[in-house]
Number of protein chains: 2
Amino acid sequence: MEDYPQHSNPEERSKHLNPNLRRRSPRSLRPEDYLRGIRSGDRPMLSRAITLIESTHPEHRELAQEIIEACLQLPPTSTVRIGITGAPGVGKSTFIDSFGQYLLEQGRRPAVLAIDPSSRISGGSILGDKTRMETLSRDPRVFIRPSPAGESLGGVAQKTRESILLCETAGFDTIIVETVGVGQSETTVRALVDIFLLLLQPGAGDELQGIKRGIMEMADLLAVNKSEGEAGEAARQTQRAYQNAVHLLAPQTSGWAVKVLRCSALTREGLAELWQLMTDFCTFTRENGFWERNRREQARHWLHQSLTDHLQQLFYQHPAVQKEIPLLEEAVSSGRLSPFRAAQQLIRLFIEPKP
Amino acid sequence: MEDYPQHSNPEERSKHLNPNLRRRSPRSLRPEDYLRGIRSGDRPMLSRAITLIESTHPEHRELAQEIIEACLQLPPTSTVRIGITGAPGVGKSTFIDSFGQYLLEQGRRPAVLAIDPSSRISGGSILGDKTRMETLSRDPRVFIRPSPAGESLGGVAQKTRESILLCETAGFDTIIVETVGVGQSETTVRALVDIFLLLLQPGAGDELQGIKRGIMEMADLLAVNKSEGEAGEAARQTQRAYQNAVHLLAPQTSGWAVKVLRCSALTREGLAELWQLMTDFCTFTRENGFWERNRREQARHWLHQSLTDHLQQLFYQHPAVQKEIPLLEEAVSSGRLSPFRAAQQLIRLFIEPKP
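Residue positions within a chain follow its written sequence, with the count starting from 1. The lettering of chains begins at A and the numbering of ligands begins at 1, in the order of writing. Selection of residues for local features in this predicted model requires a pLDDT of at least 70, selection of side-chain atom pairs for listing and counting requires 80 or more, and totals for whole chains, interfaces and linings are taken over all residues. Only heavy atoms go into the side-chain values, all of them from the structure, while hydrogens and water stay out.

Regarding the packing of helix α5 (residues 58-72) of chain A against helix α8 (residues 153-169) of chain A
Between two packed helices, what matters for the description is the angle formed by their axes and the separation of those axes. Residues and elements named next belong to chain A. Applicable threshold: All axes here are fitted lines through C-alpha atoms, helices being fitted over the stretch that makes contact, and every angle between N-to-C directions spans 0 to 180 degrees. Helix and strand definitions follow DSSP, with helices as H or I runs of at least four residues and strands as E runs of at least two, each counted in order from the N terminus. Every angle not falling under 35 degrees, over 145, or within 65 to 115 is termed oblique; those three ranges are roughly parallel, roughly antiparallel and roughly perpendicular. Throughout, a crossing is termed right-handed when the near helix is turned clockwise from the far one, and left-handed when it is turned anticlockwise from it by less than a right angle. Only heavy atoms enter the contact rule, under which two residues are in contact if any of them lie within 4.5 Å. Only Asp, Glu, Lys and Arg are considered charged, only Ala, Val, Leu, Ile, Met, Phe, Trp, Tyr, Cys and Pro nonpolar, and every remaining residue, Gly among them, polar.
At a minimum axis separation of 10 Å, α5 and α8 run at an interaxial angle of 50°. Compared by their axis directions, α5 and α8 come out oblique. Taken as a pair, α5 and α8 cross one another with a handedness that is left-handed. Residues Arg61, Gln65, Ile67, Ile68, Cys71 and Leu72 of α5 form the contact with α8, whose participating residues are Lys159, Glu162, Leu165, Leu166 and Thr169. Its residues assigned to classes, the contact of α5 with α8 comprises six nonpolar, two polar and three charged.

Some details on the confidence of the model for chain A
Residue and element names in this part refer to chain A. Short version of the rule: Confidence of the predictor in every single residue is expressed as pLDDT, which spans 0 to 100.
Residues of chain A with pLDDT of at least 70 account for 82%, and the chain-wide mean is 83. Looking at the elements of chain A, mean pLDDT is at its lowest for helix α1 (residues 10-15), recorded as 41, and at its highest for helix α12 (residues 271-287), recorded as 97. The low-confidence segment residues 1-26, where pLDDT is below 50, has 38 contacts with residues more than four positions distant or belonging to other chains. Taken as a whole, residues 118-130 scores under 50 in pLDDT and shows 24 contacts with residues more than four places along the chain or in a different chain.

Some words on the nonpolar core
Soluble globular proteins tend to bury their nonpolar side chains together. Test applied: Among buried residues, the Ala, Val, Leu, Ile, Met, Phe, Trp, Tyr and Cys ones that are joined through side-chain atoms within 4.5 Å form a nonpolar core. Only protein chains enter the accessibility calculation, which uses a 1.4 Å probe; a residue whose area is less than 20% of its type maximum is buried, one above 50% is exposed, and one in between is partly exposed. For the purposes of this description, domain bounds are those given by an automatic or database domain assignment.
The biggest cluster of nonpolar side chains holds 86 residues, and the ones touching the most others in it are Phe95, Phe99, Leu166 and Leu222 of chain A. Each of two domains, domain 1 (10-72) and domain 2 (80-289) of chain A, supplies a minimum of three residues to this core. Apart from residues lying up to four places away in sequence, Leu222 of chain A is in contact with Leu197, Leu198, Leu200, Met216, Tyr242, Val246, Val258, Lys259, Val260 and Leu261 of chain A. Counting 53 residues, the second-largest nonpolar core is a separate cluster that includes Ile38, Leu72, Phe196 and Val258 of chain B.

Notes on the pairing of strand β5 (residues 195-200) of chain B
Two faces make up the sheet, and in a regular strand the side chains alternate between them. All names here are of chain B. Put simply, the rule reads: DSSP bridges decide pairing: two strands pair if at least two such bridges lie between them.
Across the six residues of β5, six count as buried, placing the element largely inside the fold. Burial along β5 is two-sided: the face carrying Ile195, Leu197 and Leu199 and the face carrying Phe196, Leu198 and Leu200 are both buried. In this sheet, β5 lies alongside strand β1 (residues 80-86) in parallel orientation, the contact comprising five bridges. Across the sheet, residue Gly83 finds its bridge partner in β5, namely Phe196. For β5 and strand β6 (residues 221-224), the ladder comprises four bridges, and the chain directions are parallel. Each residue of the ladder has a partner; that of Leu200, found in β6, is Val224.

A short note on the sheet that holds strand β6 (residues 221-224) of chain A
Residues and elements named next belong to chain A. Read from one edge of the open sheet, seven strands run β3-β2-β4-β1-β5-β6-β7, paired in parallel fashion. The sheet is open, and its two edges are formed by β3 (143-145) and β7 (259-262), each paired on a single side. Strand-to-strand twist in this sheet, taken as the mean axis angle between neighbours without regard to direction, amounts to 20°. As paired strands, β6 and β7 are joined by four bridges and run parallel to one another. Its bridge partner lying in β7, Leu222 is registered against Val260. Helix-sheet contacts for α8 involve β1 (80-86), β2 (110-115), β3 and β4 (174-179), and the interaxial angle to β2 is about 170°.

Some remarks on the pairing of β4 of chain A
Most of β4 of chain A is tucked away, with six of its six residues classed as buried. The side-chain alternation of β4 of chain A yields two buried faces, one formed by Thr174, Ile176 and Glu178 of chain A and the other by Ile175, Val177 and Thr179 of chain A.

Some words on the environment of Ile144 of chain A
Looking at where Ile144 of chain A falls in the secondary structure, it is placed in strand β3. The exposure class assigned to Ile144 of chain A is buried, which follows from its relative accessible area of 7%.

Some remarks on the sheet that holds β6 of chain B
Residues and elements named next belong to chain B. The parallel open sheet is built from seven strands, whose spatial order is β3-β2-β4-β1-β5-β6-β7. Since the sheet does not close on itself, it has two edges, and those belong to β3 (143-145) and β7 (259-262), each with one partner. On average, each strand axis in the sheet is tilted by 20° relative to the strand beside it, whichever way the strands run. This element, helix α6 (residues 92-105), spans β1, β2 (110-115), β4 (174-179) and β5 of the sheet and lies at about 175° to β4.

Examining the pattern of salt bridges
Formally: Put simply, a salt bridge is a Lys or Arg side-chain nitrogen that is within 4 Å of an Asp or Glu carboxyl oxygen.
This model, assessed by the stated rule, comprises 36 salt bridges over all chains. Salt-bridge contacts for Arg81 of chain B lead to Glu168 of chain B; the nearest nitrogen and oxygen are separated by 2.7 Å. Here Arg81 of chain B, found in strand β1, pairs with Glu168 of chain B, found in helix α8 (residues 153-169); they are 87 residues apart in sequence, far enough to count as distant. There is no split in this pair, since Arg81 of chain B and Glu168 of chain B are both buried. Connected through shared salt-bridge partners, Arg30, Glu32, Asp33 and Arg36 of chain A make up one network.

Things to note about the packing of aromatic side chains
As a reminder, the rule being used: Under the pairing criterion, centres of Phe, Tyr and Trp rings, with the six-membered ring standing for Trp, must be within 6.5 Å; the plane angle then separates stacked pairs below 30 degrees from edge-to-face pairs above 60, leaving the rest tilted. We call a charge positioned above a ring when the Lys NZ or Arg CZ atom is no farther than 6 Å from the ring centre and deviates by at most 35 degrees from the ring normal.
Here the structure, examined in full by the defined rule, presents 15 aromatic pairs over all chains. With 5.2 Å between their ring centres and 70° between their planes, Phe315 of chain A and Phe350 of chain A make a pair best called edge-to-face. Taken together, the residues span a long stretch of sequence, with Phe315 of chain A in helix α13 (residues 290-317) and Phe350 of chain A in helix α15 (residues 339-351) at a distance of 35 residues. Given a relative accessible area of 0%, Phe315 of chain A falls into the buried group. On the basis of relative accessibility, which here comes to 10%, the residue Phe350 of chain A falls in the buried class. Here Phe99 of chain B and Trp275 of chain B contribute two aromatic rings whose centre-to-centre distance is 6.3 Å and whose plane-to-plane angle is 65°, an arrangement assigned as edge-to-face. One end of the pair, Phe99 of chain B, is in helix α6; the other, Trp275 of chain B, is in helix α12 (residues 271-287), with 176 residues separating them in the sequence. Accessibility classification places Phe99 of chain B together with Trp275 of chain B in one group, the buried group. Positioned above the aromatic ring of Phe172 of chain B, the side-chain terminus of Arg109 of chain B is 4.6 Å from the ring centre. Over the ring of Trp256 of chain B we find Lys259 of chain B; its NZ or CZ atom is 4.3 Å from the centre of that ring.

Below is the structure:
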């Protein structure tokens, strides 16, 4: 079982560091080295720190947390976190490639992270292939990081949240979080970002009903991508259809009136308007207090998420539990014992004081 | 904190029953009374037992578990559990109303349960209104139970699983579990049933891509409902479109070749064919071992689900945790402490021996 240092004062805390961490070879880095590197814009250092976040090794995780705590002690910076979703084929990567360049021209410093949980049945990696954002990935001013592989959605999202913080400490002020359109991931990404953009494509207006509704309800902005050239009329129809549909939804808790617009990643039409709307959204929600309230609620959400993860880990690592689980799994799967009763018995092993 | 009796032998167990349960008034019922009532087809007794399952009161839950354990000791009966999903508007209730009657005519004894988690934003009850299945709900041979309200999806599903067992003990041999089409609930219902039916409607063929894919991949059977009269041609087109799409999906782990057919809840065309396919599916998967393996894996899944629930409950009821949570929530939501670190501190309070 891990030893959990409790001291939030950094000096006090360093005394309680894992001894393995203190006995570093001269070449290994301390949290303050990472912090200095990240703050000075050292890109490989940022990448290394995110790799620590993504690591499953307890020492790496501990070091990552030291870095994160150090970042939290810095004065907060003004950043915007943008979630982008859309059905497969809607052109998310091309859009981000193009929108990211527009942001650069506006003097923003974008970073792109991805949430890509493997679907329960089909699986599949989305941003694993960086080269999908061809122009952006070649620009040294931009930071792009694919989703960590082999993790649950919750796990990916926790790590993404921590990566956002590191990117912001490194001076990136516009964090784009890309999600794949598979239902649950949108809810998770919504809890990571300030603004949520749903990308559509021309002619997709028939799909207003059904499963998409929940995702529409989460969106602050909708943009019909691929609106260039001959698709213009279809795009306008789609825009109208969604604009009507949006009116029928429950009002946003932010008080913001959801907007639907058209854009083209190819010709870059509509990108300026979209960015203007995002800026308007930021101003509006900062003024009415929603922005701050939302970020606070998100932090609380991730605390409870983190608690669940910690608890599970602790439980399944417990020797008596590990020993007994196979027997009770067998009793349950053969129908001799109810899952509830078996769970009670295992929990009892977990909470009973060790002899 | 609850006391968890560990004894699976009923006599041994009864000595450890909650003393409040043993000191029952003469009018209150013992587990064996419930069991006798349920087995003899006493409908109000079945309803009462399900109400115990749905109760949040520890004594009711304990009594419910006694009843469930007693049911598990009985010889298993041959039943089939059918999950039914489909987008809103596809006619799920009318279909179940009609299909349930067909089942009755075939000598089956159907029970209908619902999984209706409130959507995170919009909420809403689906089967709360029993009268939606007008004919079926008036038939004394059928048992219909709406979804318990105010629960998480996981909570609803656990209770539904236990309700299925009670219904089967009461002699119902065809359990229909209805789900609302909102993404996550399908995955959960899939873990409760033997067969999963996706209802479609004519003309919905354009929506093959995107979010529905994951749900299509879970379905063993697809039926284009509302295929009567003028909709016939559109229904045939939809059937073809989905039949083609189904070929592109990864093969089912059951080895079953997914079928798409047309039906009409109104004229009852196609219901016989659908039931025949369901029977074929049962025979096929019973013979190749998937049926049994699937039920065993489901039981194991619910054990781990139940463990998560128990752990959370135990944790959040811990006095030191309860005292400290508000302070740490504040530290996290004001950005002074990371969720991970706060979780570590709370977990430490939880696992430290009481002074």
